[in-house]
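Chains, contacts and geometry: an overview
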Amino acid sequence: MSAAFVHGVGTSRFGRQPGVGAPSLVQQAVTEALDDAGVDDVRELDAVFAGTVFGAPGTAQRALQLLGITGVPILTFENACATSSTALHEARHAVLSGRFGRVLCLGVETMTLHFSGPITPEETDAEGRAGLALPGVYAMVASRYEHLYGLEPKALAAVSVKNRRHGALNPRAQHGAEVTAEEVLASRMVADPLTLLQCCDISDAATAAVIGGERGVGRDVRIAASALRSGELWDHRSTHPWGYELMAGVAADAWHEAGIGPGDVDVFEVHDAFTIGEITATEALGITEPGGGCDLVLSGHTALGGRQPVNPSGGLLSRGHPLGATGLAQVAEAVWQLRGEAGARQVEGARVAAVETMGGGTAGIDGNGCVVVVLGG
Amino acid sequence: MSTTTGDPRPRVRTGPDGVAVLGWRCTGCGYPVAQAVLRCPLCRGPVAESAFSPEGEVWASTCLRVRVPGHTPPYAVAYVVLDDGPRVLVHTPGDRPLPPSTRARVTGTSGTGDLLAVPAGEES
């Protein structure tokens, strides 16, 4: 197989939905994705590559049986926030290698079952045990970034304002309200310098995509490249903020495979779990130079109507961040953008999209995993 | 050096010469590490128990102001690169994070096992 394509995508509602279990969320997402792909018979699926971070063993099988998806190999991946984009990366290679003809990718998370506030740090992790919750991980990124390049609070606020303005145009967004920079900076401090409106919420949701070979259907979206790495040792020798070198390395792999560079991309979906994450991601992807991320967002380059919109869906900040489902949510937005189906948030003439998902939290390495996917072209 | 408690955080030793942060160092390439290892993560060489300087430089810092199990907010934390040693996560006094490049000194551990540090030159 010379190329793999996204045949269809789907998502459930995003939001705190404690009364809605994984089986219901999965049925919403998978039904939409199968309909979108024109798959009338689930026996056309050769495998399921699922992902969940906090889900119980058997989460995927327990939900999929209700859709009649049984018997085929069902594999479950975990790679922190990059879980379902990892599933998509692996599904693409399974199709390219000929191992499977058509793979259903699935991401699902029911975070309100486990948390009422920030994700509880992992006690078996040296820094988690010391109380470094994820807002603290990203706050440390901001601290280091400020030390290296300078960091004005207005730049952090601009990311939140932009993405929440985008999300107000997305009917699937968990938080559809627009905010002002003043409101962002005046919201409760979570981890200096990150305020509440600079942090993503927990979410319950499922997402799905059908991946297969070329079938001559115009709505199918070609996966031009995908790259995956886990972090290198990140220790006393490191100078960059957490995650930067991993994201940059994975992005370089993806650009090399796609045969294009970041300047050729019309629209990005990147990992903005916290505002500083989008700033470092835009630099690591090569949209701007190291230290240029603040000017990039402040200039309007990454806003809808700008040269290269970033997170037209609203990103994790507005659409929501159901960890194991997030990667495929980003891919779904990219697919809708490339088909011209993104409604009021459509990036006019979008032909190439890139998705970046960063997963992390393990002390001592530069991230659990990062995936960059290039679509279209 | 026992790890039977399963607590992954670095430990300290307090003696007549003051506080030392305990860990391991590769006998081949010299790589220092504060987490328990059997071999060097860089070169797979043998490692030996080591006591690192308690002093170093703040690399990044923040103050967490949200509820985290086992910790009462607000609490300030910092990455400190120990002199000729590993980078460790420490708790620092109050709710004002120590700026990067500040010299800091590990003074011991809290009652719950977190590394504690103060600006170098200050009393613990």
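Cut-offs and rules
Residues numbered from 1 in each chain as written. Chains lettered and ligands numbered in written order. Predicted model: local features only at pLDDT ≥ 70, side-chain atom pairs only at ≥ 80, totals over all residues. Heavy atoms only, no water. Helix = DSSP H or I, 4+ residues; strand = E, 2+ residues; numbered from the N terminus. Rg over C-alpha atoms; globule rule 2.2 N^0.38 Å. Buried < 20%, exposed > 50% of the residue type's maximum accessible area, 1.4 Å probe, protein only. Contact = heavy atoms within 4.5 Å. Areas by Shrake-Rupley, 256 points an atom, 1.4 Å probe, with all protein chains shown as cover. Lys, Arg positive; Asp, Glu negative; His and termini not counted. Charge placed at Lys NZ, Arg CZ, Asp CG, Glu CD. Pairing = 2+ DSSP bridges. Polar contact = N/O pair within 3.5 Å; in protein donor to acceptor, adjacent residues only side chain to side chain. Core = buried A, V, L, I, M, F, W, Y, C linked by side-chain atoms within 4.5 Å. Buried area = accessible area lost by both parts, 1.4 Å probe. Salt bridge = Lys/Arg side-chain N within 4 Å of Asp/Glu carboxyl O. UniProt positions renumbered as here; feature names shortened; annotations may be inferred.

The name given to chain B in an unreviewed UniProt entry is ChsH2 C-terminal OB-fold domain-containing protein, and the organism recorded there is Prauserella endophytica.

Named according to an unreviewed UniProt entry, chain A is propanoyl-CoA C-acyltransferase originating from Prauserella endophytica.

1. Thoughts on the overall build of chain A
Broken down by element type, chain A carries twelve helices and eleven strands. For 377 residues, the compact-globule estimate of 2.2 N^0.38 gives 21 Å, and chain A sits close to it at 19 Å. Across the 377 residues in chain A, those meeting the buried criterion constitute 64%. Counting contacts in chain A only where the partners sit at least 6 residues apart, residues at least 24 apart contribute 78% of the total. If you sum the accessible surface of chain A, you get close to 12600 Å²; carbon and sulfur atoms cover 50% of it. Averaging the positions of the 25 positive and the 42 negative side-chain charges in chain A gives two centres separated by 4 Å.

2. Quick look at the pairing of strand β8 (residues 103–109) of chain B
Residues and elements named next belong to chain B. In this structure, strand β5 (residues 55–64) lies alongside β8, joined through three bridges in antiparallel fashion. Directly across from E57, in β8, lies its bridge partner R103. Pairing of β8 with strand β9 (residues 115–119), which is carried by five bridges, proceeds in the antiparallel orientation. Counted as the bridge partner of A104 is P119 from β9. Between the end of β8 and the start of β9, which pair antiparallel, lie five residues, with G113 showing a positive phi angle near 100°.

3. Remarks on the environment of A:H7
Residues and elements named next belong to chain A. As for its position among the elements, H7 is in strand β1 (residues 4–11). For H7 and V39, which are 32 residues apart along the polypeptide, the C-alpha to C-alpha distance reads 9.1 Å. What H7 contacts, discounting residues up to four positions off in sequence, is D36, A37, R102, V210, G212, G213, R215, D220 and R339. A distance of 2.8 Å separates the side chain of H7 from the backbone oxygen of G213, its partner in a polar contact.

4. Observations regarding the nonpolar core
Judged by nonpolar contacts, the single largest core of 65 residues is most densely connected at A:F268, A:I276 and A:I279. Apart from residues no more than four positions distant in its own chain, A:F268 is found in contact with A:W255, A:P262, A:L285, A:I287, A:Q308, A:P309, A:V310, A:N311, A:P312 and A:A354.

5. Comments concerning the interface of chain B and chain A
The extent of an interface is frequently quoted as the accessible surface area lost upon association of the parts. Across the boundary between the two partners, chain B contributes 36 residues, which contact 35 residues of chain A. Here chain B and chain A share an interface that buries about 2800 Å² over both sides, 61% of which is from carbon and sulfur atoms. Among the residues chain B hides against chain A, the three largest losses belong to B:W59, B:Y79 and B:R87. Together they make up 21% of the total. Taken together, chain B and chain A are joined by two salt bridges. The residue A:R129 makes a salt bridge to B:D7 at a minimum N-O spacing of 3.8 Å. Summed over the shared surface of chain B and chain A, the number is 14 residue pairs in polar contact (both at pLDDT 80 or more).

6. Comments concerning the pattern of salt bridges
What the rule picks out here adds up to 25 salt bridges over all chains. Each of the salt bridges in this network shares a partner with another, and the network as a whole consists of A:E123, A:R129, B:D7, B:R9 and B:D114.

7. Points about the UniProt feature "domain: Thiolase N-terminal" (unreviewed entry) in chain A
The UniProt record annotates "domain: Thiolase N-terminal" (unreviewed entry) at residues 20–211 of chain A. Taken end to end, residues 20–211 of chain A is 40% helix and 16% strand, and its two terminal C-alpha atoms sit 27 Å from one another.

8. Looking at the UniProt feature "domain: Thiolase C-terminal" (unreviewed entry) in chain A
Those places that UniProt annotates as "domain: Thiolase C-terminal" (unreviewed entry) correspond, in this numbering, to residues 247–361 of chain A. Taken as a whole, residues 247–361 of chain A contains 43% helix and 10% strand, while its terminal C-alpha atoms sit 14 Å from one another.

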